[in-house]
Amino acid sequence: MSVPVGDALRKVASRLGVVSDQPEQEARWLVEIALGCAAAGLLRRGDQPLPAAAAQWLDERVERRLAGLPLPYCLGTWSFYGLEMAVNPAVLIPRPDTESLVELALGHLPREGARRVLDLGTGSGAVALAVARARPEAEMWAVERSPEALAVAQGNGQRLGLAVHWLAGDWFAPLPPGLRFDLILANPPYLAADDPHLPALRHEPQEALLAGPTGLECLAAIATAAPGHLVPGGVLGLEHGAEQGEAVRALLRAAGFAQPRTHRDLAGRERVTSGSLPA
Ligand SMILES: C[S@@+](CC[C@H](N)C(=O)[O-])C[C@H]1O[C@@H](n2cnc3c(N)ncnc32)[C@H](O)[C@@H]1O
């Protein structure tokens, strides 16, 4: 028997109380998506019966949430830099921290004039698509090793109507020979195998998180190869762990980048490092 939307909303919120510290908000998002409406529509539908298909969808998502699946995977969508990104367990959930990498990119991309930009390890496509939307004149390229993740990124690009050259493969390997970029960005895996955060991240793809024994392996591979793919004066911007700033600056200096700078997030932690090649 169908229940009114308002009752369903209250029931979902009460069930989610055991796993969430904002159960009413999570319940609203889930019911909105189940009904295909925004918040205002939800308010108007409080007394209407919840359609059977929506009730079933909702029940499945609540069960997954109660089993510990992160909310963005239950919703199937998550917001990044003002873009609604489709997400599933094949991709890392885009983090607000990564918006600093986008800010850094935009600081190096004047509004006028074409620039070629590369996003390595694009995952859901978050960084590439945020830059593509903010700088439509930029020629955007993105590489991803996981075919399942690349499919999510391509779907996001299509749905958002943003053009990116999507390539499957290992870091720089799939790029056309001789192509040079003004700006290379990456939020690569940077956790070490014994990182204490890993258990809390067990639902996210491990190949998006784990770099190797030290955590610096992917950052080092990208920093070392990047000069061969940048124009003179080109810039590399890397997101990394809060304790890795000094090591990443050393990697950039060793690769020939002048005066690498680390940018702090709002909490004062070193999270993004950039450097330019000599002009
Ligand atoms: C930390 S996630 C970042 C995802 C996305 N850029 C973001 O910021 O939300 C790292 C991504 O790099 C990809 N990756 C890992 N090793 C790679 C490699 N050797 N070549 C290309 N992509 C790789 C992973 O599959 C994952 O999608």
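Under the annotation held in an unreviewed UniProt entry, the chain carries the name Release factor glutamine methyltransferase and is attributed to Acidithiobacillus sulfuriphilus. Taken directly from UniProt, the Catalytic activity (unreviewed entry) text for the chain runs: "L-glutaminyl-[peptide chain release factor] + S-adenosyl-L-methionine = N(5)-methyl-L-glutaminyl-[peptide chain release factor] + S-adenosyl-L-homocysteine + H(+)". The UniProt entry for the chain carries the following comment under Function (unreviewed entry): "Methylates the class 1 translation termination release factors RF1/PrfA and RF2/PrfB on the glutamine residue of the universally conserved GGQ motif."

**Student:** Which parts of the structure should I look at to understand the domain arrangement of the chain?
**Tutor:** Interfaces are frequently sized by the accessible area removed from exposure as the parts join. Each assigned domain of the chain is listed here: domain 1 (5-75) and domain 2 (89-276). Taken over C-alpha atoms, the centre of domain 1 sits 34 Å from the centre of domain 2. In this complex, domain 1 contributes six residues to the contact, which on the side of domain 2 involves seven residues. Taking both sides of the interface into account, the surface hidden between domain 1 and domain 2 amounts to around 490 Å²; carbon and sulfur atoms contribute 73%. There are zero salt bridges connecting domain 1 and domain 2. Connecting domain 1 to domain 2 are two residue pairs in polar contact (both at pLDDT 80 or more). Of the residues in the side of domain 1 that touches domain 2, the class split is five nonpolar, one polar and no charged.

**Student:** What exactly am I supposed to notice about the packing of helix H9 (residues 217-225) against helix H10 (residues 245-254) here?
**Tutor:** Packed helix pairs are characterised by how far apart their axes lie and by the angle those axes make with each other. At a minimum axis distance of 8 Å, the contact between H9 and H10 shows a crossing angle of 25°. Taken together, the axis directions place H9 and H10 in an arrangement best described as roughly parallel. Where H9 crosses over H10, the handedness of that crossing is right-handed. Of the residues in H10, those in contact with Leu219, Ala220 and Ala223 of H9 are Val248, Leu251 and Leu252. Classifying every residue of the contact of H9 with H10 gives six nonpolar, no polar and no charged.

**Student:** Before we go on, may I ask you to explain the packing of aromatic side chains in this structure?
**Tutor:** Two numbers describe a pair of aromatic rings. These are the distance of the centres and the angle of the planes. Within the structure shown, the criterion is met by three aromatic pairs. A ring pair is formed by Phe80 and Tyr81, whose centres lie 6.5 Å apart and whose planes are at 40°; its orientation type is tilted. Grouping residues by exposure puts Phe80 and Tyr81 together as buried. Plain terms: the ring middles of Trp141 and Phe181 are 6.3 Å apart, the flat faces sit at 85° to each other, and that makes the pair edge-to-face. Pair noted here: Trp141 is in strand S4 (residues 139-144) and Phe181 is in strand S6 (residues 181-186), with a separation of 40 residues, a long-range link. For the residue pair Trp141 and Phe181, the accessibility class agrees, reading buried in each case.

**Student:** Mind showing me how you'd approach helix H2 (residues 23-35) here?
**Tutor:** Owing to its 3.6 residues per turn, the α-helix brings residues three or four apart onto one side. The end-to-end C-alpha separation of H2 is 18 Å, in line with the 18 Å expected for 13 residues at 1.5 Å each. Listing the buried residues of H2 in full gives Pro23, Glu26, Ala27, Leu30, Val31, Glu32, Ala34 and Leu35. Positive backbone phi, approximately 65°, marks Gly36, located one or two places after H2.

**Student:** Where do I start with the UniProt feature "binding site: substrate" (unreviewed entry) in the chain in this structure?
**Tutor:** Mapped onto this structure's residue numbering, the UniProt feature "binding site: substrate" (unreviewed entry) falls at Asn187, Pro188, Pro189 and Tyr190. Of the annotated positions mentioned, Asn187, Pro188, Pro189 and Tyr190 line the largest pocket. By the secondary structure assignment, Pro188 is in the loop between S6 and strand S7 (191-192). Classification of Pro188 by relative accessible area gives buried; the value is 2%. Setting aside anything within four residues of it in sequence, one finds Pro188 in contact with Trp171, Cys218, Leu219, Ile222 and Glu239. Positionally, Tyr190 belongs in the loop between S6 and S7. The class for Tyr190 is buried, based on a relative accessible area of 16%. Residue contacts for Tyr190: discarding those within four places in its chain leaves Leu209, Ala211, Gly215, Leu219, Glu239, His240, Gly241, Gln244 and Arg271.

**Student:** Help me understand the layout of surface pockets in this model?
**Tutor:** Rolling a probe over the atoms, with the probe sized like a water molecule, indicates the empty space that remains. Taken as a whole, the largest pocket holds about 1000 Å³ of empty space. Along its surface, the largest pocket is lined by 44 residues, and Leu92, Asn187, Pro188, Ala208 and Leu209 are the ones closest to its centre. Among the elements of the structure, helix H7 (126-134), S4, S7 and strand S8 (210-212) are those that each provide at least two residues to the lining of the largest pocket. Taken together, the residues of the lining of the largest pocket break down into 21 nonpolar, eleven polar and twelve charged. In this structure, the second largest pocket occupies an estimated 240 Å³ of space. Of all the secondary-structure elements, those providing two or more residues to the lining of the second largest pocket are helix H1 (5-16) and helix H4 (52-66). The greatest single-element share of the lining of the second largest pocket, amounting to five residues, is contributed by H1.

Parameters and conventions
Residues numbered from 1 in each chain as written. Predicted model: local features only at pLDDT ≥ 70, side-chain atom pairs only at ≥ 80, totals over all residues. Heavy atoms only, no water. UniProt positions renumbered as here; feature names shortened; annotations may be inferred. Domains from an automatic or database assignment. Contact = heavy atoms within 4.5 Å. Buried area = accessible area lost by both parts, 1.4 Å probe. Salt bridge = Lys/Arg side-chain N within 4 Å of Asp/Glu carboxyl O. Polar contact = N/O pair within 3.5 Å; in protein donor to acceptor, adjacent residues only side chain to side chain. Nonpolar A, V, L, I, M, F, W, Y, C, P; charged D, E, K, R; others polar. Axes fitted to C-alpha atoms, helices over the stretch in contact; angles between N-to-C directions. Helix = DSSP H or I, 4+ residues; strand = E, 2+ residues; numbered from the N terminus. Parallel < 35°, antiparallel > 145°, perpendicular 65-115°, else oblique. Left-handed = near helix turned anticlockwise from the far one by under 90°. Phe/Tyr/Trp six-rings, centres within 6.5 Å; stacked < 30°, edge-to-face > 60°. Buried < 20%, exposed > 50% of the residue type's maximum accessible area, 1.4 Å probe, protein only. Expected span 1.5 Å × (residues − 1). 1 Å grid on protein atoms, 1.4 Å probe; cavity = no way out; pocket = protein on both sides within 12 Å on 5 of 7 lines; lining within 4 Å. Points joined across faces, edges and corners; volume = space filled by probe spheres on them.

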